[in-house]
Amino acid sequence: MARYIALFFLCSFIAGCSCPAMKVKHTATEEKEELLELASDRHSIESKFLKLTLFPGVSGGIENIVLKDQNIPLLWGGKLVQVSNGPLVVRPQAFGVLFSEKFWRAGEVISNMSVQKSSADSVSLYCPEYGTSSAELIRHITLGKDELTVNFKVDVKFLKEPRKGYSSPWLNLMPARDMDWVTALPGRGNEAVNGLGTKTYFPATAIYRGGVKGGGQNTYFAPARPWAAVSSAKKGVALAIIHDYPLEKCTLYSWKGHYEGTVGRTIEFILPELKLDKELRGSWNYRLLIFPGITDLREICNDIAIEYRQNGKMLTMRFGSVRKVPAQKVELFLNEKGKNTALGAKTLAALDAGKVGELTFELPQEKLSGTISGTLNGKAFNILPVVD
Amino acid sequence: MRKKLSLLTALLPLLLSAAVELPEVKISDITPSGGYTVSTPQGISMNGAVYVHNGKTKKYEVITPGKVESGDNTETVTFKAGQADITVKFSARTRMILAELTVYNPTDKEVFLEPGLSLTVPRTEKDYFYDGYAKFPIDGKNRERAGFKGGPSVAHLAVFAAPVSLAIYGDSSRSFTLGSVMYDKYSYICGGVNKFTKDNANLYYSCRTALGPKRKTTFRFIIGAVENKFGWEENSIQAMYDSFPEKWTPYVGQDNKYIWYAHGMYRAWTYKPDYEVFRRYFMAWDWAYAPYKRSGDIYGHKELWNYKPLLGKFRLGYINQIVGGEFGPFDWNKLSLEDFHKNRKAVFHKYGKKFGFAFYPTASGTFCDWGLVQSNYPDSFLPDTKGGATAIYKTGWTNYHDQDARVFPLGTSFAKQFYKDLKLVYDELDLPGFSFDCSGSGCYYRGPAVKNYDLPGRAYDNEGVYIDAGVAQTALFEYIHEKLDPDAPLRERPFIAANGTMNSDVIMIERTPFDRGFHDKMPQWRYTFGSLPIIIHGKGYMLPYMIPDWRSITRKEFLKRLGKLMDYATFVQFRYGMTSSAQLYAGNATILYTMPELLECIRLGWQVVNPVACDNGGKVMYQARYGRKENTVLFYGNPYDEPMPAQYEVSNDILGKDVYLFVRQMRDKANLTNTIGGRQTFFNFELPSRIPVLFEAVCGFSSLPDGDVDVSSAKELNKQVFTIKFNNASSFTADIKPREVRTFAPAQVAVNGRMVTDLNNVEFPENAVMTLTYNSNDFKNTQDEINSFPFLNAKNQVDFAVVVPADADKETLALADNFREYFDFCVKNKLCKAGKVQILRSIPKDKPYILLNFKEKDPAKLGVSRKGNVLTVAAKDSYAGDILVRNLCHIMDRRFEYFFGMGPTDGCPTDMLEKFNFRGKYLPVKRCFETGDK
């Protein structure tokens, strides 16, 4: 073939010998980045309220969780693509942000998980060699029955002693785009977060929105609560990630950046290094709570989201529940300059899953200069101030 | 009569108008008030003018016409702009007009002046503007880039990337350029385009000076017009390279023994140095990172030694592991000042020159402990954070325990001390060079020192007078090159490696090609660096990122994908003329195999325009051009698994003034049929899959008849012969320019067997055959003759001697020891059996020996030659001897071949290597520069 081309070239040369008629067309191109979506099997589970879709072959990454009755996708989502820079640099990439199990410090790996067990509302995914940490890993996901919860339990068996940081579960959640989310990152003040490549001090214990001065795009917090949340007034829903680990051993992390041309901000927890048995087995669990009707989540107590709205002296407390709960006794206090003023005790009517109940209290003055605390069926809650 | 008068009027300017003329651009009709006409051979004529804007009155200065004087292809105009005296000298610089504009302030007050050039350029439909960072389509909006703060994609750590100092307007067929000579000491440059009409636009370029009373300063502006035959802005940038090559030529020159090789990426600095490992990786220098206790006190002064760092405790960091900890940890909690100096000196004196330790001087003389700044150098602080720069690194940087604050190392109290300290460390440590970090522009110093009218680069903006950080960097480079060791030959002056965008001797890019950040910066950064050598300092293949599903794939699939990434790394090195480190070399035998050719390309100098049209059916292809004229080398890479047939058309007029012939560059032999058509050279070639292919120019001819020319090469270590067979039906004459082959004597030229001594008007009879024969200056024997030297005895054991003169100096003895280290490496890696390399001062009777002579005066005896069992290595001094021994060892490597296997690196985790059983292994070498035929 090459000879024919050479012959053709020579012929064209002879034909065009009255130079400079002979011209070679410039057609070679430089490499450029190209994306191609790759097919990857999806697996879905469903409850009365939620539909969850994931890609077992892409580290079991959750593509999305949809609030069924309003058809609201809650996560950023993603897909498997092939990224190429010419024929030599071709790699699969989880494009977007799929919600999968990760370990802090360990690089991300696309692990091929298989569905080990599944039912209508639960799935167990298995991978014999998961992630850079090199571990046998099973991810159990269960949608709460008659609840707006997603429950995660992860069992892991490391194939060898993991390096420092390589066994710290990293819950890395990117809420959906175009929701105008308000972020609630409860951070402890005056406390350093060490050992994560940075050291951050925040002046006060508060709910940070993420735009902390000097914090830049990446922000580490000593967490003040075991949860982090986002609320959308635009869509009327809040989403929280919550765990049961000691706060002093956890780090709350948030990262803001441009994803596919849109700004997004993560809510993330870095859990403590796992306690492993002799066979290097360990496990962890956490949950996602979804609160329809909640638009500025400020506290979570007994899996009930709490927020408030103030109108003059009137303070309307709003309570959203992920499951059906009986009537609750609510006591409320105003904390001002070290003084607690009781605002009253009332009964919150029984709530259905996904519904919001309201109670109204009167403030001593129109200007709310302190913080609100209270009890919900005897369990204390304390609404942190907000730092934008 | 009237007709005659009007004819005379029309001719008068032509008759009287002197001009500065180049083949591509001419400037003429220079008026006493600074007006001019720029014209091109394509018949385009544009009016332009010199203007001066007053930064205090915010008005353009009124020009009082002066006079124009003509010289030898120069035109000089002098006039007054307001009260300032302006002189502009126009002269020719290869492809561009140089306009040296001198401003003199005769007043008793400081003035703010912004002199500039303008040009009314013709508009076309699809026009564009290149602002020094990026190209923009013209959409009727004014475009301007000013200052050194950089574009959003080029912010770099503590500083910003310098722009290409050009403002280019054009379309796909041509470009017009105004600019300034890059890396001159300016703090404000501005280029833009505005005043759009249907037919014209105004292209302008200016520089600012805050000029003290009775002071003068000179700006070097440039004017260009080029045809856009290959690419867009690339053509103007190439014209700038061609016109000012000295700006992209390493100061320490071709004979420096460090900068033309790869760097160690801490392989020698942090770990126990191993010369053979270093050399076989083609490494010759290393980043000697932060060898000081206190940021801002690089020397280690008694009065600054005892202090409490602002971050609380002293930390050890890298310093703990210097040269593998051989001289103990530099534990600042315990180390006395005396022991610090003693130990650091021991490190550098033992390894510094052998491993090219480039001293890291607190970034680039730009960081100082914040406490020290406040107590000793308050005038030196550079607090500018505009654009995203950081002024104080509160959690530390260079030494982990100081809060590094940015300082300005020019004209300040810190600068005074820092310049002294550079001399102190240079002398105490016998340094081969310096490594600068964050060496760039874009941070503006406005402290007390700017009041000194005599500092260079004083400019102004709305906040007052300032000097850009880049000016201080350039001044530092000049000091290091010119003042630290002024009596040393250029090759032995301290070299400067810089991470940043200033024009040092060698540039660092802190990104691997597998990092998206690399592609964000390229090719723009390469445009800035021109033909300077570049090294990549990055995390290798980033395999968990590049093969993110590695847990799920087979070994076969892993090796297939790894092979592609490795070939890509090889191509990127040739594409951009850069070397890397073990992070990319371990496991990649082919990239190491190709290093000798790559290093030669880098010496020739990367060029932005490769003037070759190539029809390959629109497929992706990697390409680059190195060198100019008859010393051109073209690189091509086919990334596909199948061969790629392609046709090539070389536009010789862009390479130089002659018609050039090419042959594939191979180590043994090659041939290629060139077809000449007018001034163009054509050839066909089928690019093999995934190997670099080089075409070397062989010779330039003032002209050649159209037709086929067969070019072939036959190479040996000691001799290269190029044969050119013309198929000319009738005789012709031409001036010829044979290419230069580095380390070889100039070509011996013969036509039809008859020697040619005068290379002008050479006669070529019908069907002439010309040969160019080059004899090596370095090697007098063939590779087989050198490598058949009996280094080993019959039992395959090392068994020879190295003989040094009876009065051998320590350098000679050290180089003799290199042979012992060479075979220690071979034995360790099972390339031969253990034996002995004896180092003797007298000739042995019973064994082969290498004779070292590094005081040879007779040029004819220089080099490596073998006679029986004696291998003589002769150089005029030990510096040249070092290079010769290194080159000899690289030849010996072809007999004692070794490729490094892959080990765990930043870019490759241990788990992955173990899963795929690839630890210590490498992919098969592709011997792409040898035919394999004997």
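Novice: Whenever I open this one, the overall build of chain B confuses me. Can you help?
Specialist: In terms of regular secondary structure, chain B is built from 21 helices and 57 strands. For chain B, the spread of C-alpha atoms along the principal axes amounts to about 100 × 85 × 65 Å. Taking all 934 residues of chain B together, 62% fall into the buried category. If you take every contact in chain B between residues at least 6 apart in sequence, the share linking residues at least 24 apart comes to 71%. Entry remark: accessible area of chain B is about 35100 Å², with carbon and sulfur atoms responsible for 50%.

Novice: What am I meant to see in the pattern of salt bridges here?
Specialist: Oppositely charged side chains may form a pair once their charged atoms are brought near each other. For the structure on display, the rule yields 70 salt bridges over all chains. A salt bridge links Lys160 of chain A to Glu914 of chain B; the nearest nitrogen and oxygen atoms lie 4.0 Å apart. Of the two residues, Lys160 of chain A sits in the loop between β12 (149–158) and β13 (169–173) while Glu914 of chain B sits in helix α21 (residues 910–915), which places them in two different chains. One salt bridge in this structure joins Glu24 of chain B and Arg95 of chain B, with 2.7 Å as the shortest N-O distance. A residue pair is termed long-range when its members are at least 10 positions apart, and Glu24 of chain B in the loop between β1 (19–21) and β2 (26–28) and Arg95 of chain B in the loop between β8 (84–93) and β9 (96–104) qualify at 71 residues. Assessed through its relative accessible area of 24%, Glu24 of chain B is described here as partly exposed. Judged by relative accessible area, Arg95 of chain B falls into the buried class, the value being 13%.

Novice: I keep staring at helix α5 (residues 337–352) of chain B and nothing clicks. Help me out?
Specialist: Note: α-helices contain 3.6 residues per turn, so residues at a spacing of three or four share the same orientation. Those residues of α5 of chain B that sit buried are Leu337, Phe340, His341, Asn343, Arg344, Val347, Phe348, Tyr351 and Gly352 of chain B. Summarising the contacts, the buried residues of α5 of chain B are in contact with β23 (283–288), α4 (302–305), β24 (357–359) and α8 (413–429) of chain B.

Novice: Looking at this model, I keep getting lost on the interface of chain B and chain A. Mind explaining?
Specialist: For interface size, the figure often reported is the accessible area lost on association. Contacts between chain B and chain A engage 52 residues on the former and 40 residues on the latter. Summed over both sides, the interface of chain B with chain A buries roughly 3800 Å², with 56% coming from carbon and sulfur. If you sort the residues of chain B by the area they bury against chain A, Pro548, Arg551 and Gln647 of chain B come out on top, with a joint share of 16%. Inspection of the chain B/chain A interface yields six salt bridges.

Novice: Whenever I open this one, the sheet that holds strand β23 (residues 299–301) of chain A confuses me. Can you help?
Specialist: Note on sheets: strands pair through backbone hydrogen bonds, and any given pair is parallel or antiparallel. Residue and element names in this part refer to chain A. Taking strand neighbours across the sheet as the criterion, the four strands line up as β23-β24-β25-β28 in an open arrangement whose pairing is antiparallel. Of all the strands in the sheet, the pair left with one neighbour each is β23 and β28 (356–362). Looking at each pair of strands side by side, their axes are set apart by 30 degrees on average, direction ignored.

Novice: Help me understand the side chain of Arg145 of chain B, please; the structure alone is not making it clear to me.
Specialist: Residues and elements named next belong to chain B. Position of Arg145 relative to the elements: it lies in strand β13 (residues 143–146). The side chain of Arg145 sits in the buried core without any salt bridge; Asp131 is the nearest counter-charge, 5.2 Å away. At 2.8 Å, the side chain of Arg145 and the backbone oxygen of Asp131 are in polar contact. Separated by 2.6 Å, the side chain of Arg145 and the backbone oxygen of Gly147 make a polar contact. Beyond its immediate sequence surroundings of up to four residues, Arg145 is in contact with Asp131, Tyr133, Pro163, Ile189, Cys190 and Gly191.

Novice: What am I meant to see in the nonpolar core here?
Specialist: Generally speaking, a soluble globular protein has its nonpolar side chains buried in company with each other. In terms of nonpolar packing, the biggest core is built from 245 residues, with Tyr648, Phe701, Ile724, Phe726, Phe764 and Met770 of chain B touching the most fellow members. The dominant element in this core, judged by the number of residues it contributes, is helix α13 (residues 555–576) of chain B, at 10 residues. Once residues lying within four places of it in the same chain are set aside, the contact partners of Tyr648 of chain B are Val24 of chain A together with Val612, Ala613, Cys614, Met621, Tyr636, Thr681, Phe682, Phe683, Phe685, Leu687 and Phe695 of chain B. Ranked by size, the runner-up nonpolar core spans 72 residues in total, among them Leu54, Ala106, Ala238 and Leu239 of chain A.

Novice: Where do I start with the packing of aromatic side chains in this structure?
Specialist: Residue and element names in this part refer to chain B. Enumeration according to the criterion identifies 87 aromatic pairs over all chains in this entry. With centroids separated by 5.4 Å and ring planes inclined at 25 degrees, the aromatic side chains of Phe574 and Phe635 adopt a geometry described as stacked. Here Phe574 is found in helix α13, whereas its partner Phe635 is found in strand β39 (residues 633–637), with 61 residues between them in sequence. Lying over the aromatic face of Tyr128, Lys135 brings its terminal NZ or CZ to 5.8 Å of the ring centre. Positioned over the ring face of Trp525 is Lys521, at 5.3 Å from the centre of the ring.

Novice: In this structure, what is going on with helix α9 (residues 469–482) of chain B? I would like to understand it.
Specialist: All names here are of chain B. For α9, which comprises 14 residues, the first-to-last C-alpha distance of 20 Å matches the rise-based estimate of 20 Å (1.5 Å per residue) to within 8%. Taken across its 14 residues, α9 has 12 buried, putting it largely inside the fold. By the burial criterion, the buried members of α9 are Ala469, Gly470, Val471, Ala472, Gln473, Thr474, Ala475, Leu476, Phe477, Tyr479, Ile480 and His481. Residues of α9 that are buried in the fold lie against α6 (362–365), α8, β28 (433–439), β31 (464–468) and β32 (495–500). The opening residue of α9 is Asp468, an N-cap whose side-chain oxygen sits 3.0 Å from the backbone nitrogen of Gly470.

Novice: Can you walk me through the state of the cysteines in this structure?
Specialist: Defined simply, a disulfide is a covalent bond joining two cysteines at their sulfur atoms. All names here are of chain B. The full count for this structure, using the stated rule, is zero disulfides over all chains. With no disulfide of its own, Cys438 has Cys443 as its nearest cysteine by sulfur position, at a separation of 9.8 Å. Unpaired in this structure, Cys699 has its nearest cysteine sulfur neighbour in Cys601, at a distance of 19 Å. Cys699 gets classed as buried once you look at its relative accessible area, which sits at 0%.

Novice: Honestly, the pairing of β9 of chain B in this entry has me stumped. Any pointers?
Specialist: Side chains on a regular strand alternate between the two faces of the sheet. Residue and element names in this part refer to chain B. Most of β9 sits inside the fold, with seven of its nine residues counted as buried. Across nine bridges, the pairing between β8 and β9 is antiparallel. Bridged to Phe90 within β9 is Ala99. What sits between β8 and β9 in their antiparallel hairpin is a turn of two residues, with Thr94 showing a positive phi close to 60 degrees. Looking at chain direction, β9 and strand β21 (residues 216–227) are connected through eight bridges and run antiparallel.

Novice: I would appreciate a short explanation of unusual backbone geometry in the present structure.
Specialist: Comment: phi is negative for the bulk of residues other than glycine, and the bulk of peptide bonds are trans. Residues and elements named next belong to chain B. For the bond running from Met522 to Pro523, omega is 5 degrees, close enough to zero to count as cis. Within the secondary structure, Pro523 is located in the loop between α10 (516–521) and α11 (524–529). In this model, Asn73 sits at a positive phi of 55 degrees, which is unusual for a non-glycine residue. Structurally, Asn73 is set in the loop between β6 (63–71) and β7 (74–81). If you check the backbone angles, Asp430 has positive phi at about 55 degrees while not being a glycine.

Novice: Explanation requested: the confidence of the model for chain A in the structure shown.
Specialist: Predicted coordinates in areas of low pLDDT are best not read in detail. Residue and element names in this part refer to chain A. Confidence along chain A averages 87 in pLDDT terms, with 89% of residues attaining 70 or more. Confidence drops under a pLDDT of 50 for residues 1–21, and excluding neighbours within four residues, the segment shows 23 contacts in the predicted structure. Of the regions scoring below 50 in pLDDT, residues 212–216 engages in three contacts with residues more than four places distant in sequence or in other chains.

Novice: Honestly, the environment of Glu233 of chain B in this entry has me stumped. Any pointers?
Specialist: Residue and element names in this part refer to chain B. Looking at the element boundaries, Glu233 is found in helix α2 (residues 233–243). Each C-alpha atom of the pair Glu233 and Asn202 lies 18 Å from the other, and the pair is 31 residues apart in sequence. The residues touching Glu233, leaving out its near neighbours within four places in the chain, are Tyr128, Tyr130, Lys135, Ile168 and Tyr527.

Novice: Hey, could you run me through the confidence of the model for chain B in this one?
Specialist: Residue and element names in this part refer to chain B. Put simply, chain B has an average pLDDT of 94, and 97% of its residues get 70 or more. Within the model, pLDDT remains below 50 along residues 1–16, and this stretch shows two contacts once partners closer than five positions in the same chain are excluded. This model gives residues 152–157 a pLDDT under 50, and the stretch forms 13 contacts once residues within four places in sequence are excluded. Predicted as a complex, the structure gets a pTM of 0.89 and an ipTM equal to 0.90.

Novice: In this structure, what is going on with the packing of α8 of chain B against α9 of chain B? I would like to understand it.
Specialist: The packing of two helices is summarised by the inter-axis angle and the distance between the axes. All names here are of chain B. Packing of α8 against α9 brings their axes to within 11 Å, and their N-to-C directions diverge by 35 degrees. Handedness of the α8/α9 crossing: right-handed. Here Phe418, Tyr419, Leu422 and Lys423 of α8 lie close against α9, whose contacting residues are Ala475, Leu476, Tyr479 and Ile480. Of the residues that constitute the contact of α8 with α9, the class distribution is seven nonpolar, no polar and one charged.

Cut-off values and rules
- Residues numbered from 1 in each chain as written.
- Chains lettered and ligands numbered in written order.
- Predicted model: local features only at pLDDT ≥ 70, side-chain atom pairs only at ≥ 80, totals over all residues.
- Heavy atoms only, no water.
- Helix = DSSP H or I, 4+ residues; strand = E, 2+ residues; numbered from the N terminus.
- Buried < 20%, exposed > 50% of the residue type's maximum accessible area, 1.4 Å probe, protein only.
- Contact = heavy atoms within 4.5 Å.
- Areas by Shrake-Rupley, 256 points an atom, 1.4 Å probe, with all protein chains shown as cover.
- Salt bridge = Lys/Arg side-chain N within 4 Å of Asp/Glu carboxyl O.
- Buried area = accessible area lost by both parts, 1.4 Å probe.
- Pairing = 2+ DSSP bridges.
- Axes fitted to C-alpha atoms, helices over the stretch in contact; angles between N-to-C directions.
- Lys, Arg positive; Asp, Glu negative; His and termini not counted.
- Polar contact = N/O pair within 3.5 Å; in protein donor to acceptor, adjacent residues only side chain to side chain.
- Core = buried A, V, L, I, M, F, W, Y, C linked by side-chain atoms within 4.5 Å.
- Phe/Tyr/Trp six-rings, centres within 6.5 Å; stacked < 30°, edge-to-face > 60°.
- Lys NZ or Arg CZ within 6 Å of the ring centre and 35° of its normal.
- Expected span 1.5 Å × (residues − 1).
- Disulfide = S-S within 2.5 Å.
- pLDDT = per-residue confidence, 0-100.
- Left-handed = near helix turned anticlockwise from the far one by under 90°.
- Nonpolar A, V, L, I, M, F, W, Y, C, P; charged D, E, K, R; others polar.

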